[in-house]
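Structural overview
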Amino acid sequence: MTLRIVTGGLQTTVQDLGRMGHQGSAIPVGGAMDRIALRIGNLLVGNDESCAALEAALIGPAIGFDATTLLALTGGDLDASVDGVGIPVWHPVVVRAGATLRFGRPRVGCRTYVAVAGGIDVPPVFGSRSTYLRAQFGGYEGRALRAGDAVRVGEPSRQGRAIAQSFAQSIGDAISRPAVARWSIGASLRPRYSEDPIVRLVAGAHTDALTAEARRQLTTAAFRVSASSDRMGYRLEGTELALREPLELLSEAVAFGTVQLPPGGAPIVLMADRQTTGGYPRIGEVASVDLPLIAQLKPADRVRFRFVSLDDAQQMYLDQEQDLAQARIAITLRH
Amino acid sequence: MPMHFTPLGDHAVTITLGDSIDEATHRLVRAVSAHLDAHPPGGMVDLVPAFASVAVHYDPARVPGSATASPHHRMVAMLEASLATIRADELPPPRTVEIPVCYGGDLGPDLDDVARQHGLAAEEVVRIHAAGDYLVYMVGFMPGFAYLGGLSDRIATPRRPSPRTAVPAGAVGIGGQQTGVYPMESPGGWNLIGRTPLRIFDIARDEPSLLATGDRVRFRPVTLDEYRASGAP
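What counts and how
- Residues numbered from 1 in each chain as written.
- Chains lettered and ligands numbered in written order.
- Predicted model: local features only at pLDDT ≥ 70, side-chain atom pairs only at ≥ 80, totals over all residues.
- Heavy atoms only, no water.
- Contact = heavy atoms within 4.5 Å.
- Buried area = accessible area lost by both parts, 1.4 Å probe.
- Salt bridge = Lys/Arg side-chain N within 4 Å of Asp/Glu carboxyl O.
- Nonpolar A, V, L, I, M, F, W, Y, C, P; charged D, E, K, R; others polar.
- Core = buried A, V, L, I, M, F, W, Y, C linked by side-chain atoms within 4.5 Å.
- Buried < 20%, exposed > 50% of the residue type's maximum accessible area, 1.4 Å probe, protein only.
- Helix = DSSP H or I, 4+ residues; strand = E, 2+ residues; numbered from the N terminus.
- Domains from an automatic or database assignment.
- Pairing = 2+ DSSP bridges.
- Axes fitted to C-alpha atoms, helices over the stretch in contact; angles between N-to-C directions.
- Phe/Tyr/Trp six-rings, centres within 6.5 Å; stacked < 30°, edge-to-face > 60°.
- Lys NZ or Arg CZ within 6 Å of the ring centre and 35° of its normal.
- Expected span 1.5 Å × (residues − 1).
- Polar contact = N/O pair within 3.5 Å; in protein donor to acceptor, adjacent residues only side chain to side chain.
- Parallel < 35°, antiparallel > 145°, perpendicular 65-115°, else oblique.
- Left-handed = near helix turned anticlockwise from the far one by under 90°.

**Looking at the interface of chain A and chain B**
In this assembly, 37 residues from chain A lie in contact with 44 residues from chain B. For the chain A and chain B pair, buried surface summed over both sides reaches about 2,900 Å², with 65% attributable to carbon and sulfur atoms. Summed over the shared surface of chain A and chain B, the number is zero salt bridges. Looking at the side of chain A that touches chain B, its residues break down into 20 nonpolar, twelve polar and five charged.

Next comes the structure, spelled out in structure tokens:
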């Protein structure tokens, strides 16, 4: 099975959960910006959670299918349709051979995941199929998709075939219009995307180095997302934060969600394609359950922060993992 | 061994082992990294050595132990127990990596400028650079980029006032007190004094990064003919 790329969209890339174990060689983790959306998308089509999918940003691609296909769209809502029929996010969908998936204007968020039963089958690089654009490796020839590309899809799992059969004909049968499953993933697992979310932070190594005023600003200001934000980092504008005194730091490890403060005072939230190390003060760390809220922000959206304890942030993550495990079991039992 | 544990978000912890760039701290970093590499604590997914710290990335859902303590506290307890007995004087001997460099000319367009800033002949800059014994303190900034210590003060040179938009892979540069090799084409503000035909970073290799933390590095001058004969562009 092959996905035929009719138009590439703004930046459509192959992403999985990223490459771990190579940060010591400064190889970025990369992977999906909105990890929970990717994982849920895979569950909905009977894939292993770590399978690769397409990540489309702001302006989605147009994708032709050469066989009847089970897929799911998750994450942001980019107003998808197949042959003129609207396709909701968070539901399994079967589309016919010859159909074309298209996107409109972003309605919620900015990144949608196209998870296909069988997963996107590109050669893994260092254990991951994720595209790392900056160094041009991984994914589909190390780059974003464009018109004319043919993207291979793996074999659907037994569960994927059962999911498709539960609400449509078998994969491979002829159907005339897209079929959408009525069931979905529990609402508690879907991130509450917003154009002005409140994102929870745990204290960073240098939070205490902020002035009292800057600490207050950090949790009261509405920061504007800069147009130069990308998969590497989100730059936040509008309120500049000050340190009590300049810090001379040695470069060391950073993480997904580290909030760095460069000398100009405009914070940067490090995202999927972040470098592995950095030398700027780290004034906070986004709670991992809230990273999808950042990943779906568009330029000019606003974000506010509030601090939570590390214990609470970890507990929220453990609760989410438990919810996801239950959803996985429920899907397995039914199919 | 003095150790300080700081959370790096809810999925990582930084083990601080010192506060300066020096060889004693570096040996601690290597000892801790080697130990954790050989005996990874449950839930660890990655390990990032730096100048004076080692970060452990982990999955909080996979850290073993009783749920009465948070994953962070359980991880720190495991690390403290695991690292209590390690010694920095039992390190494996460092590798020495020799890097051939064609200095000056089109491949090292800033060599003459560096020489002028120090009142030296270009040949003398090359001699001093190639005589150095360098240590890879850490790999960071971009895939395969090694931070090298050991540059002679006599040729330490401030970064160029305006960075180049594209420095080629293999370019050997001096930036302040540091010297190093660009692993891939990227923007850069260092003074370029030469180029190596070696691939510093190559995704086709099992170990893509030529240089690893703890390696010793020597630069060996080669002629333009030798540089070309090695298949370099």
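**A look at the nonpolar core**
Counting residues in each nonpolar core, the largest one holds 85 residues, and the members touching the most others are A:L3, A:L73, A:L101, A:I120, A:Y234, A:V269 and A:F305. Ranked by residue count, the leading element in this core is helix α1 (residues 35-44) of chain A, at six residues. Each of domain 1 (2-190) and domain 2 (198-318) of chain A accounts for three or more of the residues forming this core. Each residue touching A:V269, except ones within four places of it in the same chain, is listed here: A:M232, A:G233, A:Y234, A:L236, A:G257, A:T258, A:V259, A:V286, A:I294 and A:F305. Formed by 30 residues, the second largest nonpolar core is a distinct cluster that contains B:V126, B:I174, B:I193 and B:V217.

**A look at the sheet that holds strand β2 (residues 12-16) of chain B**
All names here are of chain B. The strand order across the open sheet formed by four strands is β1-β2-β4-β3, and the pairing between neighbours is antiparallel. Taken across any chain shown, the strands that pair with only one partner, and hence form the sheet edges, are β1 (4-7) and β3 (44-49). Across the sheet, the mean angle from the axis of one strand to that of its neighbour is 20°, orientation sign disregarded. Examined bridge by bridge, β3 and strand β4 (residues 53-58) share five bridges and lie antiparallel to one another. Across the sheet, the residue bridging to L47 is V56, located in β4. Against the sheet, helix α1 (residues 23-38) contacts β2, β3 and β4, and its axis sits at roughly 160° relative to β3. Contacts between helix α2 (residues 71-83) and the sheet are confined to β1, β2, β3 and β4, with β2 contributing the most and set at about 35° to the helix.

**As for the domain arrangement of chain B**
Residues and elements named next belong to chain B. The domain boundaries assigned to chain B delineate domain 1 (4-90) and domain 2 (96-229). Here the C-alpha centroids of domain 1 and domain 2 sit 31 Å apart. Contacts between the two partners involve eight residues from domain 1, matched on the other side by eight residues from domain 2. Taking both partners together, domain 1 and domain 2 bury about 770 Å²; carbon and sulfur atoms supply 68% of that area. Three residues stand out in domain 1 for area buried against domain 2, namely E23, H26 and F51, and they jointly supply 60% of the buried area on that side. For the pair domain 1 and domain 2, the interface holds one salt bridge. Residue R216 pairs with E23 through a salt bridge whose shortest N-O separation is 2.9 Å. Among the elements that line the side of domain 1 that touches domain 2, the one with the most residues is α1, at three residues.

**Structural notes on unusual backbone geometry**
All names here are of chain A. Despite not being glycine, D83 has its phi angle at roughly 50°, a positive value. Its location among the elements puts D83 in the loop between β6 (81-82) and β7 (85-86). Relative accessible area serves as the criterion here: at 37%, D83 is assigned to the partly exposed category. The phi dihedral of W90 falls on the positive side, at around 75°, and the residue is not glycine. Examined against the element boundaries, W90 turns out to sit in the loop between β7 and β8 (92-95). The exposure class assigned to W90 is buried, which follows from its relative accessible area of 5%.

**Brief notes about the packing of aromatic side chains**
One pass over the full model with this rule turns up twelve aromatic pairs over all chains. With centroids separated by 5.4 Å and ring planes inclined at 85°, the aromatic side chains of B:F141 and B:F145 adopt a geometry described as edge-to-face. For B:F141, a relative accessible area of 32% puts it in the partly exposed group. Ring-pair connections join several aromatic residues into one group, and the members of that group are B:F51, B:Y137, B:F141, B:F145, B:Y147, B:Y182 and B:W190. A cation over a ring is seen here: A:R215 above A:F307, with NZ or CZ 5.2 Å from the ring centre.

**Examining α1(B)**
Residues and elements named next belong to chain B. Here α1 is 16 residues long and its end C-alpha atoms lie 22 Å apart, about the 22 Å a rise of 1.5 Å per residue gives. Among all positions of α1, only T25, H26, L28, V29, R30, A31, V32, S33, H35 and L36 are buried. For α1, the secondary structure elements touched by its buried residues are β2, β3, β4, α2 and β6 (134-139). Measuring from the backbone nitrogen of A24 back to the side-chain oxygen at the start of α1 gives 3.1 Å, which picks out D22 as the cap.

**Re the domain arrangement of chain A**
Residues and elements named next belong to chain A. For chain A, the assigned domains read domain 1 (2-190) and domain 2 (198-318). Measuring from the centre of the C-alpha atoms in domain 1 to the corresponding centre in domain 2 gives 29 Å. Counting residues at the interface gives 27 residues for domain 1 and 15 residues for domain 2. Summed over both partners, the interface of domain 1 with domain 2 buries about 1,600 Å², with 54% contributed by carbon and sulfur atoms. In this assembly, domain 1 and domain 2 are joined by one salt bridge.

**Some points on the packing of α1(A) against helix α5 (residues 310-334) of chain A**
Any two packed helices are characterised by how steeply their axes cross, that is the angle between the axes, and by the distance between the axes. Residues and elements named next belong to chain A. Packing of α1 against α5 brings their axes to within 10 Å, and their N-to-C directions diverge by 15°. As summarised for this structure, α1 and α5 are arranged roughly parallel, according to the angle between their axes. Crossing hand, α1 versus α5: right-handed. Here α1 contributes I36, R39, I40 and L43 to the contact with α5, which in turn contributes Q320, E321, L324, R328 and I331. Class assignment of the residues belonging to the contact of α1 with α5 gives a composition of five nonpolar, one polar and three charged.

**Some points on the environment of A:D290**
Residue and element names in this part refer to chain A. Tracing the chain through its elements places D290 in the loop between β20 (282-286) and α4 (291-295). Once you skip the residues sitting within four places of it in the chain, D290 turns out to touch I198, V199 and R200. For D290, the side chain forms a polar contact with the side chain of R200, separated by 2.8 Å.

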